[in-house]
Amino acid sequence: MTQAYAALAADRPLAPFTLSRRALREDDVHIDILYCGVCHSDLHTARNEWRNTLYPCVPGHEIVGRVRSVGAAVQAFKAGDVVGVGCMVDSCGHCPACAEGEEQYCAETFSGTYNGPARREEGNTGGNTYGGYAQDIVVKESFVLRIGHPENQLAAVAPLLCAGITTYSPLHHWGVGPGSKVGIVGLGGLGHMGVKIARAMGATVTLFTTSPSKAADGLRLGAHEVCLSTDREQMKAHAGSLDFILNTVAAPHKLDAYLRLLKRDGTMTLVGIPAEPHPAWSIGTLITGRRQLAGSLIGGIRETQDMLDFCARHDIVSDIEMIAMRDINTAYERMLKSDVKYRFVIDMATL
Ligand code: NAP
Ligand code: ZN
């Protein structure tokens with residue numbers, strides 16, 4: 001049996017929970033979890049804010065662990081290897097998106113690391129998948145990632161598996177590089193990775209934050225400039241100046257304030273998924289600069305490996321605050337107050 005933490009209903013705190021993982025198949029990797037990052041999506045899901053949660057819900061999709069054992073046909077991993085698991089554990093494998101390595105856009109929907117749908121018999125989970133707030137996990141080889149960072153950084157690597165790829169993928173897709181002027185909106189788990197990665201890609205980076213207390217950190221993490229988004233004059237000074245904006249905010253807010261900062265043909269990509277919709281934005285803001293508003297979902301497995309390798313080369317990890325498993329509910333409350341610097345990571349030895 002596997003010890004874990006689960007939400008049993010939207011209005012109940014997470015609590016200890018026992019589950020059984022599926023028996024190892026020939027292409028499976030059995031992983032003892034060392035660390036799991038705490039994503040805002042975990043909170044949205046545990047509380048059914050997207051109205052699609054299957055209970056019991058064991059969140060966690062920023063997993064770093066050590067391989068316990070592998071199935072007979074597994075080639076790439078062996079017992080003792082340090083590996084990662086992100087937001088997906090399976091997909092259909094044959095639709096055009098999967099064929100192109102963009103499993104996150106699988107036509108039959110990918111299998112989330114938690115909240116399903118399960119494609120395989122998953123132990124006692126009733127067709128659901130259970131994530132990384134647990135001692136161990138069994139994952140198909142093709143959804144397991146290699147970790148190139150040194151062993152003493154493993155806890156801080158965990159958030160790369162979601163926050164890292166969710167920011168790397170759109171920055172890469174929209175061609176951010178030397179000469180790009182990039183805005184990152186929100187300095188939370190995703191935002192602080194966005195700042196680090198955009199800077200490492202060679203862009204000129206401006207951080208937009210609602211928290212005056214985060215300005216110094218923004219610069220330390222790699223932003224060339226910090227703009228307090230609640231200050232009209234500071235916002236005005238950036239009008240029409242950016243090629244690309246990555247908006248990571250987890251709550252509804254006025255998008256026009258940021259769309260106006262784009263140059264002609266600039267794009268703002270949303271990755272935050274608030275529980276309620278954003279207020280309607282002005283078509284005028286879009287058409288007067290042929291501006292584009294876009295969205296992006298995590299990243300494919302191949303791209304996630306590219307991101308991990310990129311981060312290892314550039315010595316990029318997350319800035320973390322380590323917590324014990326029993327402190328998860330307090331961590332959720334702090335995350336709601338934007339009071340986290342800049343990702344909680346659960347030390348699974350405390351479970
Ligand atoms: P987080 O750590 O809580 O960070 C969100 C940041 O947004 C906060 O730190 C805060 O930054 C800003 N913010 C919060 N409330 C705000 C408000 N009312 N107005 C303006 N800014 C506000 O969350 P996260 O883990 O980075 O996740 C961010 C969002 O992305 C969540 O909705 C999550 O579900 C979603 N997500 C999407 C994907 C995807 O594939 N698209 C993947 C992972 C997560 P400041 O204090 O700097 O203003
Ligand atoms: Zn996530």
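This text follows the structure it describes.
Residues numbered from 1 in each chain as written. Chains lettered and ligands numbered in written order. Predicted model: local features only at pLDDT ≥ 70, side-chain atom pairs only at ≥ 80, totals over all residues. Heavy atoms only, no water.

Visitor: Help me get a handle on the site of ligand 1, residues and values and all.
Guide: Near ligand 1 there are 29 residues, and of these Thr209, Thr210, Ser211, Lys214 and Arg343 occur at the shortest range. Contacts to ligand 1 include histidine 44, whose side-chain N or O atom sits 2.9 Å from an oxygen atom. Here threonine 209 contributes a side-chain N or O atom positioned 2.5 Å from an oxygen atom of ligand 1. Protein coverage of the free-state accessible area of ligand 1, which is 930 Å², stands at 90%. (Near = heavy atom within 4 Å. Polar contact = N/O pair within 3.5 Å; in protein donor to acceptor, adjacent residues only side chain to side chain. Areas by Shrake-Rupley, 256 points an atom, 1.4 Å probe, with all protein chains shown as cover.)

Visitor: Explain the packing of aromatic side chains to me, and be specific about the residues and the numbers.
Guide: Applying the stated criterion across every chain yields a total of four aromatic pairs. Relative to phenylalanine 244, the ring of tryptophan 174 has its centre 5.7 Å away and its plane inclined at 25°; by these criteria the two rings are stacked. Of this pair, tryptophan 174 sits in the loop between α4 (163-173) and β10 (181-185) while phenylalanine 244 is found in strand β13 (residues 242-247), placing the two residues 70 residues apart along the sequence. (Phe/Tyr/Trp six-rings, centres within 6.5 Å; stacked < 30°, edge-to-face > 60°. Helix = DSSP H or I, 4+ residues; strand = E, 2+ residues; numbered from the N terminus.)

Visitor: I'd love a proper account of the coordination of the zinc ion (ligand 2), names of residues and values included.
Guide: For the zinc ion (ligand 2), every protein donor is listed as Cys39 (SG), His61 (NE2) and Cys162 (SG), and the spread of their distances is 2.0 to 2.2 Å. The motif formed by the donor residues of the zinc ion (ligand 2), counted along the single chain, is C-x21-H-x100-C. Of the two residues, cysteine 39 is situated in the loop between β3 (28-37) and α1 (40-46) and histidine 61 in the loop between α1 and β4 (63-70); the sequence distance between them amounts to 22 residues. The exposure classification of cysteine 39 matches that of histidine 61, with both residues buried. (Donors = N, O, S within 2.8 Å, 3.2 Å for Na, K, Ca; no water. Buried < 20%, exposed > 50% of the residue type's maximum accessible area, 1.4 Å probe, protein only.)

Visitor: Which residues make up the pattern of salt bridges, and what values do they have?
Guide: On inspection of all chains with the given rule, the structure shows 21 salt bridges. Linking glutamate 122 and arginine 22 is a salt bridge whose minimum nitrogen-to-oxygen distance equals 2.7 Å. Remark: arginine 22 occurs in the loop between β2 (15-19) and β3 and glutamate 122 occurs in the loop between β7 (111-112) and β8 (136-140); sequence separation between them is 100 residues. Its relative accessible area of 8% is what places arginine 22 among the buried residues. Residue aspartate 32 pairs with arginine 68 through a salt bridge whose shortest N-O separation is 2.6 Å. A residue pair is termed long-range when its members are at least 10 positions apart, and aspartate 32 in strand β3 and arginine 68 in strand β4 qualify at 36 residues. Residue classification places aspartate 32 among the partly exposed residues on the basis of a relative accessible area of 27%. Overall, the relative accessible area of 42% leaves arginine 68 in the partly exposed class. (Salt bridge = Lys/Arg side-chain N within 4 Å of Asp/Glu carboxyl O.)

Visitor: Any chance you could break down helix α5 (residues 189-200) for me, citing the residues and the numbers?
Guide: Spanning twelve residues, α5 covers 17 Å between terminal C-alpha atoms, matching the ideal 16 Å at 1.5 Å per step. Across the twelve residues of α5, ten count as buried, placing the element largely inside the fold. Among all positions in α5, only Gly189, Leu190, Gly191, His192, Met193, Gly194, Val195, Lys196, Ile197 and Ala198 are buried. Here the buried face of α5 lies against α4, β10, β11 (204-209), α6 (215-221), α10 (301-313) and β17 (343-347). Positive backbone phi, at 105°, marks glycine 202, one or two positions downstream of α5. (Expected span 1.5 Å × (residues − 1). Contact = heavy atoms within 4.5 Å.)

Visitor: Describe in detail the sheet that holds strand β12 (residues 225-228), supporting the description with residues and values.
Guide: What the six strands build is an open sheet, ordered β12-β11-β10-β13-β14-β15; its pairing is parallel. Two strands bound the open sheet, and with one partner strand each, they are β12 and β15 (292-295). Neighbouring strand axes in the sheet, compared pairwise and without regard to direction, differ in orientation by 20° on average. Pairing geometry for β13 and strand β14 (residues 262-270), over five bridges, is parallel. From the neighbouring strand, leucine 242 faces β14, where its bridge partner is leucine 262. (Pairing = 2+ DSSP bridges. Axes fitted to C-alpha atoms, helices over the stretch in contact; angles between N-to-C directions.)

Visitor: Which residues make up the pairing of strand β1 (residues 2-6), and what values do they have?
Guide: For β1, a buried count of four out of five residues is recorded, marking the element as mostly surrounded by other parts of the structure. Inspection of the sheet shows β1 paired to β2 by five bridges, in the antiparallel sense. Pairing of glutamine 3 across the sheet is with threonine 18, part of β2.

Visitor: Any chance you could break down the side chain of histidine 149 for me, citing the residues and the numbers?
Guide: Topologically, histidine 149 is positioned in the loop between β9 (145-146) and α3 (154-157). Of note is the side chain of histidine 149, whose polar atom sits 3.0 Å from the backbone oxygen of isoleucine 316. Apart from residues no more than four positions distant in its own chain, histidine 149 is found in contact with Leu154, Val157, Leu160, Leu308, Cys311, Ala312, Ile316 and Val317.

Visitor: Residue-level account of the packing of α4 against α5, with values.
Guide: Between α4 and α5, the shortest axis-to-axis distance is 8 Å and the interhelical angle comes to 50°. Relative to α5, α4 is oriented oblique. Considering how the two elements wind past one another, α4 and α5 form a crossing that is right-handed. Contacts between α4 and α5 involve Ala163, Gly164, Thr166, Thr167, Tyr168 and Leu171 from the former and Gly189, Leu190, Met193, Gly194, Ile197 and Ala198 from the latter. (Parallel < 35°, antiparallel > 145°, perpendicular 65-115°, else oblique. Left-handed = near helix turned anticlockwise from the far one by under 90°.)

Visitor: Provide a residue-level description of a positive patch on the surface, including the pertinent values.
Guide: A grouping of Arg232, Lys236, Lys254 and Arg260 is seen on the molecular surface, where their side chains present a positively charged patch. Topologically, arginine 232 is positioned in helix α7 (residues 232-236). Take arginine 232: its relative accessible area is 71%, and that puts it in the exposed class. (Patch = residues over 30% accessible without salt bridge, like charges linked within 9 Å, V, L, I, M, F, W, Y side chains within 5 Å. Lys, Arg positive; Asp, Glu negative; His and termini not counted. Charge placed at Lys NZ, Arg CZ, Asp CG, Glu CD.)

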